[in-house]
Amino acid sequence: MKAESSPPLVFHAIGVDGESSGENRITVDWIEKSSDHIHIPPLNFAVVDAGIFRSGFPDTTNLSFLKTLRLRSIIYLCPEPYPEENLEFLNANGIQLHQFGIQNSKNPLMEIQEGKIRDALKVLIDTKNHPVLIHCKRGKHRTGCLVGCLRKLQNWCMGAIHEEYKHFAGNKSRISDQMFLETFNISNFMKS
């Protein structure tokens, strides 16, 4: 008689950090523990929707956690090359990398590269790519813009879209990102 293995335990650690603005943000970290290993999620990890996840850049300590998600695809929104160790992980696990090289800028007048967001959104809504992880460096601005555009397609109200964006960006919210989300035209997207 074969002994059944117990399912992994999932722990949720909640912390409060003090931001320089004087506001406190509550963060929830997911730590999944199997019988022989603790799986640590990347910075700013969250579930967006069924089969869609978001985070900051996963480092090598996060790879075992990503394996538990059984990803098919990763949408990487930064222009920098993907690290070799991460590429080896993707290849070993049959995960396809979609890179959209969106420049990051703290310049409030710099426009978001709408064409790249539209291309990434097409990959994101194609369920053949699910489960999928969206990430940039910190999981705040570029990731927040892509998720915000998805929310517009899902008919979320702008107030809720902005609140979700601000939740992940914290006191580093950018008015240029929020203006981009306001003006992103989903009717044009549906025609493309």
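Residues numbered from 1 in each chain as written. Predicted model: local features only at pLDDT ≥ 70, side-chain atom pairs only at ≥ 80, totals over all residues. Heavy atoms only, no water.

Asker: What is the right way to read the pattern of salt bridges from this model?
Answerer: Taken as a whole and judged by the stated rule, the model has four salt bridges. Across the pair arginine 118 and glutamate 114 runs a salt bridge, and its minimum N-O distance is 2.8 Å. Taken together, the residues span about one helical turn, with arginine 118 and glutamate 114 both in helix α3 (residues 114-125) at a distance of four residues. The residue arginine 151 makes a salt bridge to glutamate 164 at a minimum N-O spacing of 2.9 Å. In this pair, arginine 151 sits in helix α4 (residues 141-153) while glutamate 164 sits in helix α5 (residues 158-169), placing the two residues 13 residues apart along the sequence. (Salt bridge = Lys/Arg side-chain N within 4 Å of Asp/Glu carboxyl O. Helix = DSSP H or I, 4+ residues; strand = E, 2+ residues; numbered from the N terminus.)

Asker: Teacher, can you tell me more about the sheet that holds strand β5 (residues 52-55) here?
Answerer: Taken together, the five strands give an open sheet; going across it, the order is β4-β5-β8-β6-β7, and neighbouring strands pair in mixed fashion. Both edges of this open sheet fall to β4 (46-49) and β7 (96-99), since each of them pairs with a single strand only. The mean angle between the axes of side-by-side strands here comes to 25°, regardless of whether they run parallel or antiparallel. One ladder, built from four bridges, connects β5 with strand β8 (residues 132-135); its direction is parallel. The partner of isoleucine 52 across the bridge, within β8, is valine 132. (Pairing = 2+ DSSP bridges. Axes fitted to C-alpha atoms, helices over the stretch in contact; angles between N-to-C directions.)

Asker: Explain the pairing of β7 to me, please; I cannot follow it from the model alone.
Answerer: Judged from the four bridges that link them, strand β6 (residues 73-76) and β7 form a sheet pairing that is parallel. Each residue of the ladder has a partner; that of serine 73, found in β7, is glutamine 96. Crossover connection from β6 via helix α2 (residues 84-92) to parallel β7: handedness right-handed. (Right-handed = clockwise from strand over helix to strand, strands pointing away.)

Asker: How should I be thinking about the confidence of the model for the protein in this particular structure?
Answerer: Any residue range with low pLDDT should be treated as having predicted coordinates unsuitable for detailed reading. Predicted confidence across the protein gives a mean pLDDT of 80, with 74% of residues reaching 70 or more. Within the model, pLDDT remains below 50 along residues 1-28, and this stretch shows 40 contacts once partners closer than five positions in the same chain are excluded. (pLDDT = per-residue confidence, 0-100. Contact = heavy atoms within 4.5 Å.)

Asker: Can you walk me through the environment of isoleucine 40 in this structure?
Answerer: Within the secondary structure, isoleucine 40 is located in the loop between β3 (38-39) and β4. By relative accessible area, isoleucine 40 is classed as partly exposed at 39%. With 24 residues separating them in the primary sequence, isoleucine 40 and serine 64 have C-alpha atoms 7.5 Å apart. (Buried < 20%, exposed > 50% of the residue type's maximum accessible area, 1.4 Å probe, protein only.)

Asker: Would you explain the pairing of β8 in this entry?
Answerer: Sheet faces and side chains relate simply in a regular strand, where the side chains alternate between the two faces. Residues of β8 alternate between two faces, with Val132 and Ile134 on one and Leu133 and His135 on the opposite face, all of them buried. Two strands pair when backbone bridges link them, and β6 and β8 are joined in this way by four bridges, in the parallel orientation. Bridging across to β8, serine 73 finds its partner in valine 132.

Asker: How should the nonpolar core be read in this particular structure?
Answerer: Ranked by size, the top nonpolar core spans 41 residues in total, and within it Ile75, Leu77, Leu124 and Leu146 carry the most contacts. Sort the elements by how many residues they give to this core and α4 lands first, with six residues. Residues within four places of leucine 146 in sequence aside, it is in contact with Ile75, Leu77, Ile117, Ala120, Leu121, Leu124 and Ile134. (Core = buried A, V, L, I, M, F, W, Y, C linked by side-chain atoms within 4.5 Å.)

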